[in-house]
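Survey of secondary and tertiary structure
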Amino acid sequence: MTEHLVTLSNRDGAAYMVNGRRPLLEQLRDQGVDLPYGCEYGGCITCAAKLVEGNIDQRRQVALNNRQIANGYVILCVARATSDIKLQIGVESHDNLYRNPFLDPLKPHELKADIATPEDP
Ligand code: FES
């Protein structure tokens, strides 16, 4: 099944049907949801939102490190829904997105997936 329901938890539960073959950003914007975006290829992080429930495929993104992914961040310009999902969108969702690298450096397993080393047991 490729049709999935997207509910926006911080927009009064507004809900939209999307096709799992197309990126979420394009489909939500087509339906009138005002979402920030920049590069549209998964590299700049502008379109990040937080996944509250459900599953997505965002293998094409290169903007997020493992910590951001573990915190639920999704790059909407490349992510596709693989189930019904609930998202928090916009700046309200960005509370854990950015960090001060001097005060809060990433641990080796929290780096980008292609350079991260496994977490110590
Ligand atoms: S718009 Fe740049 S990562 Fe999505």
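So, here is what we can say about the structure in this document. Values in this document were obtained by computation on a predicted structure and should not be read as measured data. (Residues numbered from 1 in each chain as written. Predicted model: local features only at pLDDT ≥ 70, side-chain atom pairs only at ≥ 80, totals over all residues. Heavy atoms only, no water.)

**Details of unusual backbone geometry**
One non-glycine residue, Asp12, lies in the positive phi region at around 55°. When you line up the elements, Asp12 lands in the loop between strand E1 (3-8) and strand E2 (14-19). Despite not being glycine, Glu40 has its phi angle at roughly 65°, a positive value. Mapped onto the elements of the fold, Glu40 is located in the loop between helix H1 (24-30) and strand E3 (48-53). (Helix = DSSP H or I, 4+ residues; strand = E, 2+ residues; numbered from the N terminus.)

**Some words on the sheet that holds strand E7 (residues 85-88)**
An order of E2-E1-E7-E3-E5 is seen for the five strands of this open sheet, with the pairing classed as mixed. Two strands bound the open sheet, and with one partner strand each, they are E2 and strand E5 (73-75). Taking the axes of each pair of neighbouring strands and ignoring which way they run, one obtains an average angle of 40° across the sheet. As defined by bridge partners, E1 adjoins E2 across six bridges and the pair is classed as antiparallel. (Pairing = 2+ DSSP bridges. Axes fitted to C-alpha atoms, helices over the stretch in contact; angles between N-to-C directions.)

**With respect to the environment of Lys107**
On the secondary structure map, Lys107 appears in the segment after E7. With a relative accessible area of 48%, Lys107 lands in the partly exposed category. Considering only alpha carbons, one finds Lys107 and Ala63, 44 residues apart in sequence, at a separation of 17 Å. (Buried < 20%, exposed > 50% of the residue type's maximum accessible area, 1.4 Å probe, protein only.)

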